[in-house]
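# Examination of the molecular architecture
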Amino acid sequence: MHSTKGTTAIRQPARNLHRLGDVVDELLDPLVKLEQRVHRASSHYDTGPWQAENFIRHLPGKRELSLVATVRGKPVGFVIASRRPEGAHIHRVATDPRHQGTGIASRLLALLLARTPGIVTLICDPRNQPALDLYARAGFRVTGTTPEGKLSLAAGTPLHR
Ligand SMILES: CC(C)(COP(=O)(O)OP(=O)(O)OC[C@H]1O[C@@H](n2cnc3c(N)ncnc32)[C@H](O)[C@@H]1OP(=O)(O)O)[C@@H](O)C(=O)NCCC(=O)NCCS
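Everything in this summary refers to the structure shown in the same document. No experiment lies behind these values; they were computed from the predicted model shown.

The rules behind the values
- Residue numbers restart at each chain and count upward from 1, following the sequence in its written direction.
- Restriction of local features to residues with pLDDT of at least 70 applies here, the model being predicted, together with a cutoff of 80 or more for giving and counting side-chain atom pairs; totals for whole chains, interfaces and linings are based on all residues.
- Note: side-chain values were computed over all heavy atoms of the structure, leaving out hydrogens and water.
- The helix count covers DSSP runs of H or I at least four residues long, the strand count covers runs of E at least two residues long, and both are numbered beginning at the N terminus.
- Note on contacts: a residue pair qualifies if any of its non-hydrogen atoms lie within 4.5 Å across the two residues.
- For helices, the axis comes from a line fit to the C-alpha atoms of the stretch in contact; other axes are also lines fit to C-alpha atoms, and the angle between any two N-to-C directions lies between 0 and 180 degrees.
- Between 65 and 115 degrees an angle is taken as roughly perpendicular, under 35 as roughly parallel, over 145 as roughly antiparallel, and anywhere else as oblique.
- Each crossing gets its hand from how the near helix is turned against the far one by less than a right angle, where anticlockwise is left-handed and clockwise is right-handed.
- Here, a salt bridge means any side-chain nitrogen of Lys or Arg that lies within 4 Å of a carboxyl oxygen of Asp or Glu.
- Exposed residues in this analysis have more than 50% of their type's maximum accessible area, buried residues have under 20%, and partly exposed residues fall in between, with area computed by a 1.4 Å probe over protein chains only.
- Definition of nearness: a residue and a molecule or strand are near each other if at least one heavy atom of the residue lies within 4 Å of the molecule or strand.
- Here a polar contact means two N or O atoms within 3.5 Å. Within protein one must be a hydrogen donor candidate and the other an acceptor candidate, and residues neighboring in sequence count only if both atoms are side-chain atoms.
- Here the open area of atoms and residues is found with the Shrake-Rupley method and a 1.4 Å probe, where only the protein chains shown may cover a residue.
- Residues were grouped as follows: Ala, Val, Leu, Ile, Met, Phe, Trp, Tyr, Cys and Pro as nonpolar; Asp, Glu, Lys and Arg as charged; and all remaining residues, including Gly, as polar.
- Given a helix with a known number of residues, its expected span is that number minus one, times 1.5 Å.
- Each C-beta atom gives one direction from the helix axis, and the arc is the one those directions make.

### Brief notes about the environment of G156
Structurally, G156 is set in strand β7 (residues 151–156). With 21 residues separating them in the primary sequence, G156 and Y135 have C-alpha atoms 12 Å apart. Every residue in contact with G156, bar those within four places of it in the chain, is listed here: G118, I119 and R141.

Have a look at this one:
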């Protein structure tokens, strides 16, 4: 008998996770197009989509910490992060609208958190309920509000100094 889990695995094409630094040269154009698709389909993502220069701009640890999910070699999701003294900061999380709700962002966040000692922070629009649900499930808690009215969130445990 086929289990529900087995059926799901058959229906969902295999995804691979890569470090941004390993794929950014090859996948830069598809990443920018993915970002544009996500931006068009989302109400509270950001004021404008990232351009190529945002993906390649150097930030400490960005190429190692950031992750890209691919299906059949095409990017379908990403988390972009950089190292901070207390741990890391997430700049961007997005999943292709056609692949949302299939666990891609959860997997990306879980791997980032597992690989990052210390506190991981991010900022989110308070109206972005799908993202807030995702972050709560991943273990983030609200720690404050920015002067612009966005929510600050954090996960992890402080580094011992
Ligand atoms: C938020 C976002 C990254 C979630 O990515 P995802 O790959 O669909 O997330 P997952 O499939 O891992 O889902 C995790 C949980 O998030 C919540 N969620 C995700 N998408 C949702 C949606 N469209 N509506 C409601 N809840 C949603 C659910 O609780 C979901 O759990 P489930 O398994 O019970 O459905 C995705 O919706 C997205 O790219 N949004 C536009 C960009 C954006 O807003 N980024 C965050 C900026 S702070």
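### Looking at the packing of helix α5 (residues 104–115) against helix α6 (residues 129–138)
Put simply, α5 and α6 touch, their axes get as near as 10 Å, and they point 40 degrees apart. Taken together, α5 and α6 sit at an angle that is classed as oblique. In this structure, α5 crosses over α6, and the sense of that crossing is right-handed. Packed against α5, whose contacting residues are A105, S106, L109 and L113, the element α6 presents L134, Y135, R137 and A138 at the interface.

### Structural notes on the pattern of salt bridges
What the rule picks out here adds up to six salt bridges. Where D29 meets K33, a salt bridge forms, and the shortest distance between an N and an O atom there is 2.8 Å. Highlighted residues: D29 and K33, both in helix α2 (residues 20–41), separated by four residues, approximately one helical turn. Between R98 and D96 there is a salt bridge, with its nearest N and O atoms 3.1 Å apart. D96 sits in the buried class, given a relative accessible area of 2%. Salt bridges sharing common partners tie together E35, D46 and R92.

### Details of the environment of S42
Here S42 is to be found in the loop between α2 and α3 (52–56). Classification of S42 by relative accessible area gives partly exposed; the value is 28%. For the pair S42 and N128, spaced 86 residues apart in sequence, the C-alpha separation works out to 9.0 Å.

### Some thoughts on unusual backbone geometry
Its identity is not glycine, yet R72 carries a phi of approximately 50 degrees, on the positive side. With respect to the secondary-structure elements, R72 resides in the loop between β2 (67–71) and β3 (74–84). Its relative accessible area of 72% is what places R72 among the exposed residues.

### What about the site of the ligand?
Near the ligand there are 22 residues, and of these T95, G101, G103, S106 and N128 occur at the shortest range. Between V93 and the ligand, the recorded distance is 2.8 Å, taken from a backbone N or O atom to a nitrogen atom. The separation between an oxygen atom of the ligand and a polar side-chain atom of S106 is 2.5 Å. Relative to its unbound accessible area of 890 Å², the ligand is 75% covered by the protein chains. Elements with a minimum of two residues in the shell around the ligand: β4 (87–95), α5, β5 (119–124) and α6. Per-element tally for the shell around the ligand: the top contributor is α6, with six residues. When its residues are assigned to classes, the shell around the ligand shows 12 nonpolar, eight polar and two charged.

### A few points about α5
Over its 12 residues, α5 runs 17 Å from end to end, which matches the ideal 16 Å to within 8%, given 1.5 Å per residue. Looking only at α5, the buried set comprises I104, A105, L108, L109 and L112. One side of α5 carries all its buried residues, which in axial view fall inside an arc of 125 degrees.

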